[in-house]
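Chains, contacts and geometry: an overview
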Amino acid sequence: CCHLSICKIKNKMIMKKIILIILVSVFGLIEINAQTVSRTILKSGTWEWIYPECNYCTTKMHFDETKMYWDVYYFYNKKTNTEIDTYYLSDTLPDTFDKSKVGKVNNGQYIVMLNTNMRKGKELELMSCFKVLNVTNDELRVMVSYIPPSSVGGIGDIYVFKKVK
């Protein structure tokens, strides 16, 4: 009698382990799917970076038809620095920045950005790309899908922005 109960308990434990292994395997194979975002939603307000938390600045971004404005307020000197990127939306992750799509594509699963700045008297263009994981009227969740090799951060990093106005 006691031996049968112990066997039943062991069999249940083995089954639970097998089910757990199967679930972990299935979830490990699921790709993070992108969600389509519209320029209308992006342009509908100012988005504040809330995750991961930053202890030395606040970052807000807003969009128009062709530009993405990054306003970074630094706590230590109480100054705001604004970076301006050209952007477009795409359903696929591009290899290069396609300037002909700027201001023309209304929806996409990727926000493709081009930052242009001067270094040592030479114009430097750097493309980066966010995959849109989730978007609502109040929150934008993105994953870095492409960054230039010289950039800080990494592919796969997730950022969350909350609409503040």
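Conventions and cut-offs
- All residue numbers refer to position in the chain's written sequence, counted from 1.
- pLDDT decides what is reported in this predicted model: residues at 70 or higher carry local features, side-chain atom pairs at 80 or more are listed and counted, and totals for whole chains, interfaces and linings draw on all residues regardless.
- The basis for the side-chain values is all heavy atoms of the structure; hydrogens and waters are excluded.
- Whether two aromatic rings pair depends on their centres lying within 6.5 Å, for rings of Phe, Tyr and Trp, where Trp uses its six-membered ring; planes under 30 degrees apart make the pair stacked, over 60 edge-to-face, and the rest tilted.
- Secondary structure is summarised from DSSP: a helix means a run of H or I of at least four residues, a strand means a run of E of at least two, and numbering begins at the N terminus for each.
- By definition, residues are in contact when any of their heavy atoms lie within 4.5 Å.
- Confidence per residue, as judged by the predictor, is encoded in pLDDT with a range of 0 to 100.
- Salt bridges are defined by distance alone: a side-chain nitrogen of Lys or Arg within 4 Å of a carboxyl oxygen of Asp or Glu.
- For the exposure calls, accessible area comes from a 1.4 Å probe over protein chains only, and a residue counts as buried if that area is under 20% of its type's maximum, exposed if over 50%, partly exposed in between.
- The pairing criterion for strands is at least two bridges between them, as found by DSSP.
- Fitted lines through C-alpha atoms give the axes, limited to the stretch in contact for helices. The angle between two N-to-C directions lies from 0 to 180 degrees.

What follows deals with the packing of aromatic side chains. Under the definition given, this model contains 9 aromatic pairs. By the ring-pair criterion, three or more aromatic residues cluster together here, those being Trp-49, Trp-70, Phe-130, Tyr-159 and Phe-161.

By secondary structure assignment, the location of Lys-60 is in strand 3 (residues 57-63). Residues in contact with Lys-60, not counting those within four places in the same chain, are Thr-46, Trp-47, Glu-48, Tyr-69, Trp-70, Asp-71 and Val-164.

So, on to the confidence of the model for the chain. Across the chain, pLDDT averages 84, with 79% of residues at or above 70. Predicted confidence is poor over residues 1-5, with pLDDT under 50, and the contacts of this stretch with residues over four places away or in other chains come to 0 contacts. Below a pLDDT of 50 lies the segment residues 13-31, which in the model reaches 1 contact outside its immediate sequence neighbourhood of four places, other chains included.

Okay, the pattern of salt bridges next. With the rule as written, the count across this model stands at 4 salt bridges. Between Arg-39 and Glu-65 there is a salt bridge, and its shortest N-O distance comes to 2.5 Å. You can see Arg-39 sitting in helix 2 (residues 39-42) and its partner Glu-65 sitting in the loop between strand 3 and strand 4 (67-74), a full 26 residues away along the chain. Overall, Arg-39 belongs to the buried group, its relative accessible area being 6%. Salt-bridge contacts for Glu-139 lead to Arg-141; the nearest nitrogen and oxygen are separated by 3.1 Å. On the basis of relative accessibility, which here comes to 24%, the residue Glu-139 falls in the partly exposed class. Overlapping salt bridges, with partners in common, bring together Arg-39, Lys-43 and Glu-65 in one network.

A few words now on the sheet that holds strand 4. Read around the closed barrel, 8 strands run 2-3-4-5-7-8-9-10, paired in antiparallel fashion. This sheet shows a mean twist of 35° between the axes of neighbouring strands, independent of strand direction. Across 8 bridges, the pairing between strand 4 and strand 5 (residues 79-90) is antiparallel. The residue bridging Lys-67 from the neighbouring strand is Thr-86, located in strand 5.

It is worth spelling out the environment of Cys-57 at this point. Within the secondary structure layout, Cys-57 lies in strand 3. The buried category is assigned to Cys-57, whose relative accessible area is 6%. When the C-alpha positions of Cys-57 and Tyr-74 are compared, they lie 4.4 Å apart, and in sequence the two are 17 residues distant.

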